[in-house]
Amino acid sequence: MKTDYDIIIIGSGAGGGTLARHLAPSGKSILILERGGWLPREPENWNAEEVFQKNRYVSPDIWHDPQGKPFQPGTYHYVGGATKMYGAALYRLRKEDFSPLAHCDGISPGWPISYEELEPYYTQAEQLYQVHGARGEDPTEPAASAPYPFPPVSHEPRIQQLSDDLAKAGYHPFHSPCGIMLNEANMPYSTCVRCKDCDGFPCVVHAKSDAEVLGVRPALEYPNVTLLIHAQVVKLNTNSAGTSVTEVVTKLDQGETQTFRGGIVVVACGAAHSAKLLLMSANDKHPNGLANGSDQVGRNYMFHTSQAVLAISKEPNHTQYQKTLGLNDFYFGMEGFNYPVGNIQMVGKSQAPMYRGEKPIETMLAPSWILEKLADHAVDFWLMTEDLPSPTNRITVDRNGTISLNYQASNQAASNKLYDKLKSMLNQLDMHEHLIPRALYMKNDVGVAGVAHQSGTCRFGTDPKTSVLDTNCKAHELDNLYVIDTSFFPSIGAVNPALTAMANALRVGDHLLERLK
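**Q** Please clarify how unusual backbone geometry should be interpreted in this entry.
**A** Most peptide bonds take the trans configuration, and most residues that are not glycine carry a negative phi. Here D295, not a glycine, exhibits a phi torsion of approximately 60°, which is positive. Within the secondary structure, D295 sits in the loop between α6 (271-280) and β12 (305-313).

**Q** Quick question: what am I supposed to make of the packing of helix α1 (residues 16-23) against helix α11 (residues 498-516) here?
**A** Each pair of packed helices gets described by two things: the angle between the helix axes and the distance between those axes. In contact at an axis separation of 8 Å, α1 and α11 are set at 40° when each is read in the N-to-C sense. Looking at the two axes, α1 sits oblique to α11. Here the hand of the crossing between α1 and α11 comes out right-handed. Together, T18, L19, H22 and L23 of α1 and M502, A505, L506, G509, D510, L512 and L513 of α11 make up the contact between the two elements. Residues that form the contact of α1 with α11 fall into these classes: seven nonpolar, three polar and one charged.

**Q** Explain the pattern of salt bridges here, please?
**A** Opposite charge on two side chains lets them pair, provided their charged atoms get close. The full count for this structure, using the stated rule, is 19 salt bridges. R261 is the partner of D4 in a salt bridge, and the nearest nitrogen-oxygen pair spans 3.2 Å. Taken together, the residues D4 in strand β1 (residues 4-10) and R261 in strand β11 (residues 257-267) connect sequence positions 257 residues apart. Judged by relative accessible area, which is 40%, D4 ranks as partly exposed. Salt bridges sharing partners connect three or more residues here, namely R92, E119, E126, R135 and E141.

**Q** What's the story with the packing of aromatic side chains in this structure? I'm lost.
**A** Each aromatic ring pair is summarised here by two numbers: the centre-to-centre distance and the angle between the ring planes. Following the criterion strictly, the structure yields 18 aromatic pairs and no others. With a centroid separation of 4.9 Å and an interplanar angle of 70°, the aromatic rings of F488 and F489 are classed as edge-to-face. Sitting above the plane of the Y331 ring, R94 keeps its charged end 6.0 Å from the centroid. Taking the ring centre of Y148 as reference, the NZ or CZ of R135 above it sits at 3.8 Å.

The rules behind the values
Residues numbered from 1 in each chain as written. Predicted model: local features only at pLDDT ≥ 70, side-chain atom pairs only at ≥ 80, totals over all residues. Heavy atoms only, no water. Helix = DSSP H or I, 4+ residues; strand = E, 2+ residues; numbered from the N terminus. Axes fitted to C-alpha atoms, helices over the stretch in contact; angles between N-to-C directions. Parallel < 35°, antiparallel > 145°, perpendicular 65-115°, else oblique. Left-handed = near helix turned anticlockwise from the far one by under 90°. Contact = heavy atoms within 4.5 Å. Nonpolar A, V, L, I, M, F, W, Y, C, P; charged D, E, K, R; others polar. Salt bridge = Lys/Arg side-chain N within 4 Å of Asp/Glu carboxyl O. Buried < 20%, exposed > 50% of the residue type's maximum accessible area, 1.4 Å probe, protein only. Phe/Tyr/Trp six-rings, centres within 6.5 Å; stacked < 30°, edge-to-face > 60°. Lys NZ or Arg CZ within 6 Å of the ring centre and 35° of its normal.

This is how it looks when you write it as structure tokens:
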């Protein structure tokens, strides 16, 4: 197999898959190295028991918490990365998220680029990932240079009632930006069938706007692009001066090692694994890890202060595709609390087998009909508060490559305010005045294993003393190494990070195209 390429991209998710698609028409030789394989297309893709109880698609990786206790993180290693399982909620950060913002627990730092610089790439990413939405409904929405490429996904009756009730109570519900290939005007020809098995499930009909379907597969139509699966990169070697990466050492499926060389090397393994790779690549010139002269690699880990809860509707909720509504009225604060609070959005419709996977002890003796009745009346919400970066919230790696995650949550007061606010609204929404916590990440609390929104371990900035990457996401200390997953985030805002990662990959892609000239 060929071993020399113009560009090597390590990882094929929201960052790597998008970049590969953007660079493919350049004619440059591109190698995509993916640790996993193709996610199997099988009936179990849409089986809640297989996905939520048996964790069929979860990586077998084991991490450790600060006390050394092992846990299984909710990570996925497939072509398309974590986007294979995401809910495809493709939000832009708010304009204010790019500037320093005071929170109850401290300051969320500004970005070294402005919203205006990233805006054209947000628009491109929305078009590439076929986002459905409606401008002008969300009062916190930043300015956009184009409408959404597809109309908003309609609310089903119970969610439409929820939207109407919220509006009647003086709030501003909006249609969530959804990345699904749905044609409601011509359903016989729609790829998406609008099912309940979307958020947290892989899509067996390839109707989710993920990085495999809309990134990697289109890239592979170009003869200059090569994908190697079951290829885990274990180390990056540099030249003797330590100024550029010369070798990408890869462990293949059968255990053998293959070394590749690329003029430009792009790391996009996810925030934890990108940091791990740089730390594991220490050498004489980079004794603390590659690109880690600032001692920032692995630090400032963020993944949102999130709560998944269900409310009990007085009337049955027969919604199939539930993830169509959002509420940002409290994004920047609320009456009596002058700090940002966060985002409320719907999460995928809960099903009885999920409860047994999430709460095995509590549901062990519960008859199935009780769980079915609960699911029949459940309306499921995701509450998201910004998680502040802290140098002590970090990824470290031992000599065997085992990841340890040290993490303490921030903005808990704001998160509690958001929970209490939603609970106080239920009597206006034709629901019982109770919220039931859900542990969406297998048998663990969201706080320890819910790593879907992980970010921040290789922040970008203008000062090499306090950041890992420059504004083009190139490592300050190496002239051909880039990191383009959510590692680069200096802050995370309070909306899903996927679209920002995709937009930034397009931005960095344009920089690389200029460089490759």
